[in-house]
Structure formats: C-alpha cells, structure tokens
Amino acid sequence: QVQLVESGGGLVQAGGSLRLSCAASGSIFSINAMGWYRQAPGKQRELVSVITSRGSTNYADSVKGRFTISRGNAKNTVYLQMNSLKPEDTAVYYCNADLRATATPRRDYWGQGTQVTVSS
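Residues numbered from 1 in each chain as written. Predicted model: local features only at pLDDT ≥ 70, side-chain atom pairs only at ≥ 80, totals over all residues. Heavy atoms only, no water.

Caption draft 1: Main features of the overall build of the chain. Per the secondary structure count, the chain includes 0 helices and 11 strands. Put simply, the chain runs from its N terminus to its C terminus through helices and strands in the order β-β-β-β-β-β-β-β-β-β-β. Scaling as 2.2 N^0.38, a compact globule of 120 residues should have a C-alpha radius of gyration of about 14 Å, and the chain matches this with 14 Å. Taken along the three principal axes of its C-alpha coordinates, the chain extends 50 × 25 × 20 Å. Buried residues in the chain amount to 39% of all 120 residues. Summing over all exposed atoms, the chain offers an accessible surface of approximately 6,400 Å²; the carbon and sulfur share of this is 46%. The averaged location of the 7 negative side-chain charges in the chain is 7 Å from the averaged location of its 13 positive side-chain charges. (Helix = DSSP H or I, 4+ residues; strand = E, 2+ residues; numbered from the N terminus. Rg over C-alpha atoms; globule rule 2.2 N^0.38 Å. Buried < 20%, exposed > 50% of the residue type's maximum accessible area, 1.4 Å probe, protein only. Areas by Shrake-Rupley, 256 points an atom, 1.4 Å probe, with all protein chains shown as cover. Lys, Arg positive; Asp, Glu negative; His and termini not counted. Charge placed at Lys NZ, Arg CZ, Asp CG, Glu CD.)

Caption draft 2: Here's a closer look at the packing of aromatic side chains. A complete count under the given rule lists 1 aromatic pair for this structure. The ring centre of Tyr79 lies 4.1 Å from the NZ or CZ of Arg19, which sits over that ring. A cation over a ring is seen here: Arg45 above Trp110, with NZ or CZ 4.8 Å from the ring centre. (Phe/Tyr/Trp six-rings, centres within 6.5 Å; stacked < 30°, edge-to-face > 60°. Lys NZ or Arg CZ within 6 Å of the ring centre and 35° of its normal.)

Caption draft 3: Highlighting the pattern of salt bridges. All chains considered together, the criterion is met by 5 salt bridges. Two residues, Arg38 and Glu46, come together in a salt bridge whose shortest N-O distance is 2.8 Å. The salt bridge involving Asp89 is made with Arg66; its shortest N-O contact spans 2.8 Å. Taken as a pair, Asp89 in the loop between β8 (77–82) and β9 (91–101) and Arg66 in the loop between β6 (57–59) and β7 (67–71) lie far apart in primary sequence, 23 residues in all. The residues Asp89 and Arg66 share a single accessibility class, namely buried. Each of the salt bridges in this network shares a partner with another, and the network as a whole consists of Arg38, Glu46, Arg66 and Asp89. (Salt bridge = Lys/Arg side-chain N within 4 Å of Asp/Glu carboxyl O.)

Caption draft 4: The arrangement of the nonpolar core in detail. Judged by nonpolar contacts, the single largest core of 29 residues is most densely connected at Met34, Trp36, Phe67, Val78, Leu80, Met82 and Tyr93. Secondary structure elements with two or more residues in this core: β3 (18–25), β4 (28–39), β5 (46–52), β7, β8, β9 and β11 (114–119). With 6 residues, β9 is the largest single contributor of residues to this core. Apart from the residues lying within four places of it in its own chain, the contact partners of Leu80 are Leu18, Arg19, Leu20, Trp36, Val48, Ser49, Phe67, Thr68, Ile69 and Tyr93. (Core = buried A, V, L, I, M, F, W, Y, C linked by side-chain atoms within 4.5 Å. Contact = heavy atoms within 4.5 Å.)

Caption draft 5: Layout of the state of the cysteines. Enumeration over the complete set of coordinates arrives at 1 disulfide. Two residues share a disulfide in this structure: Cys22 and Cys95, whose sulfurs sit 2.0 Å from each other. Looking down the S-S bond of the Cys22 and Cys95 bridge, the torsion is -85 degrees, so its handedness is left-handed. With Cys22 in strand β3 and Cys95 in strand β9, this residue pair connects regions lying 73 residues apart in the sequence. Accessibility assignment for this pair places Cys22 and Cys95 in one class, buried. (Disulfide = S-S within 2.5 Å.)

Now the structure itself:
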C-alpha cells in the first residue's frame with residue numbers, strides 16, 4: 001500500500017518561487033532514491049532532479065542553478081525548491097520513488113502529479 005502524495009503546485013509569475021513536496025507512505029522497506037519528473041503539454045516526461053539515499057543529487061540542465069532538491073529527516077519525503085521560475089517550467093510535476101515495499105521487489109512508484117503554471 002505504498003503511496004506518493006505531492007503538494008505545492010500552483011500558479012506563479014515568472015521569476016517567482018514554489019516549493020513542491022512529496023511524501024511516501026505505506027509499508028516501505030527501503031528507499032533507494034526519490035525525484036521529480038515533469039511533463040509539459042505535447043512533450044515527453046523528463047527528469048527534473050533526483051536525490052539518492054546517500055544524498056547525491058542530479059539535475060536537468062534546464063533547471064541547474066534554479067531548482068534544489070532535498071530530503072526530509074525521515075527520508076521518506078522529498079522537496080523541490082523552484083526559484084526564478086520561467087514560463088517554460090510550466091508542466092505537471094510528478095514525484096517518483098525507487099523503493100522496496102515490505103516483502104516486495106524493488107520498483108518505481110509515482111505520485112498523482114501537481115500542476116505548476118508560470119505566467120509571463
């Protein structure tokens with residue numbers, strides 16, 4: 001019964017900021033990594049950022065220097081601080097977790113998505 005729930009999306013003007021959060025809940029055995037993907041209308045889903053269980057991070061070139069990914073103390077939450085937002089950042093943002101549920105093989109789980117709209 002693993003579930004990922006995102007929050008924090010909304011409408012913001014260009015240059016503004018938003019903070020997305022994602023919480024993983026349920027019978028989780030271990031988490032290898034958590035991250036964020038996004039999908040804009042008419043485009044394929046793309047990786048935004050990932051953070052591993054050891055704290056290593058990766059970012060898409062388009063968001064480097066503007067977005068910051070971090071994990072909560074409980075290690076079952078992940079945040080995406082988005083600064084200097086651009087209209088090109090408009091998309092549905094999805095939380096992703098590479099984890100093992102108890103007595104279950106490791107696989108990816110996805111949240112429901114949260115809409116981020118950046119106006120010009």
